Amino acid sequence: MARGAWPLILAALGALASPCACLHSTEVHYYTLASKVPAGPPLSGPPQYTVHVAPAAVPETLDRPELVLRVSATELAIDDGHLWAEPLRTGIARAVADRLARQLDGALVSASEQRATPGDVEVTIDVQDLDVRLASGAAIDVAWTIRWAKDGRIRSGRSAGRAHSEGGGSHDAAVAACGVALDSVSDDIARSLRLDYLSRR
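Residues numbered from 1 in each chain as written. Predicted model: local features only at pLDDT ≥ 70, side-chain atom pairs only at ≥ 80, totals over all residues. Heavy atoms only, no water.

### Here's the deal with the overall build of the chain
Okay, so step 1: Within the chain, the regular secondary structure consists of three helices and eight strands.
Okay, so step 2: In sequence order, the secondary structure elements of the chain are arranged as α-β-β-β-β-α-β-β-β-β-α.
Okay, so step 3: In the chain, buried positions account for 37% of the 201 residues.
Okay, so step 4: Taken as a whole, the chain presents about 11700 Å² of accessible surface, with 55% of it coming from carbon and sulfur. (Helix = DSSP H or I, 4+ residues; strand = E, 2+ residues; numbered from the N terminus. Buried < 20%, exposed > 50% of the residue type's maximum accessible area, 1.4 Å probe, protein only. Areas by Shrake-Rupley, 256 points an atom, 1.4 Å probe, with all protein chains shown as cover.)

Encoded structure:
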């Protein structure tokens, strides 16, 4: 066979192989954490105080784009076809901020990573564990801290949330359960913030 024929043969084989590769590709789904509670009315006047939720600290096993699912007591599965639409540490902070904004009257709540001016209150979140199972739902364990900028007063707590999956074991239902479980944690933080604010008036 002539030496010059090999490039043509390889090109033809490549053209035949390309459609086959597409058959093995999988569709990628993206998810965000969100509260099921509808948004409340916007502030009618200037905020009475501001709250900033810092990006959450998450375990290394969870700090990745893919959903990490609990298979058994000792096994985790990394699902590369189902991804978080944003870093998990950012998504958790945003979901908590959204929930706090619905719970705290008169507060302006944010979760941006960079702020032009410091807020009256800084909320930090340290996720101890996030257990997600397609069949049963999600459970989360969070240590949190509230720090008031004016006098440096700090209140710390630890909260856990659990929610069942309501979608026949789908990924969407599991992520929704994560949001519901996180709402329980956010509600604990909101109650503490509310008590601290009222005690300062």
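### Focus on the sheet that holds strand E7 (residues 137–148)
Okay, so step 1: Taken together, the five strands give an open sheet; going across it, the order is E5-E2-E6-E7-E8, and neighbouring strands pair in mixed fashion. In this open sheet, the two edge strands, each paired with only one partner strand, are strand E5 (107–110) and strand E8 (154–164). Strand-to-strand twist in this sheet, taken as the mean axis angle between neighbours without regard to direction, amounts to 20°.
Okay, so step 2: Bridge count for E7 against E8 is 11 bridges, and the pairing is antiparallel. Paired with Trp144 across the bridge in E8 is Gly157.
Okay, so step 3: Across the sheet, helix H2 (residues 88–103) touches strand E2 (49–53), E5 and strand E6 (121–133), and the angle it forms with E2 is around 155°.
Okay, so step 4: Packed on one face of the sheet, helix H3 (residues 171–200) meets E2, E6, E7 and E8 and runs near 25° to E7. (Pairing = 2+ DSSP bridges. Axes fitted to C-alpha atoms, helices over the stretch in contact; angles between N-to-C directions. Contact = heavy atoms within 4.5 Å.)

### So, the packing of aromatic side chains
Okay, so step 1: This model, assessed by the stated rule, comprises two aromatic pairs.
Okay, so step 2: Aromatic pair Tyr49 and Trp148: ring centres 6.0 Å apart, planes at 35°, arrangement tilted. Taken together, the residues span a long stretch of sequence, with Tyr49 in strand E2 and Trp148 in strand E7 at a distance of 99 residues. Here Tyr49 and Trp148 have matching classes, each one buried.
Okay, so step 3: Consider the rings of Tyr49 and Tyr197, whose centres lie 4.3 Å apart with planes at 20°: the pair is stacked. (Phe/Tyr/Trp six-rings, centres within 6.5 Å; stacked < 30°, edge-to-face > 60°.)

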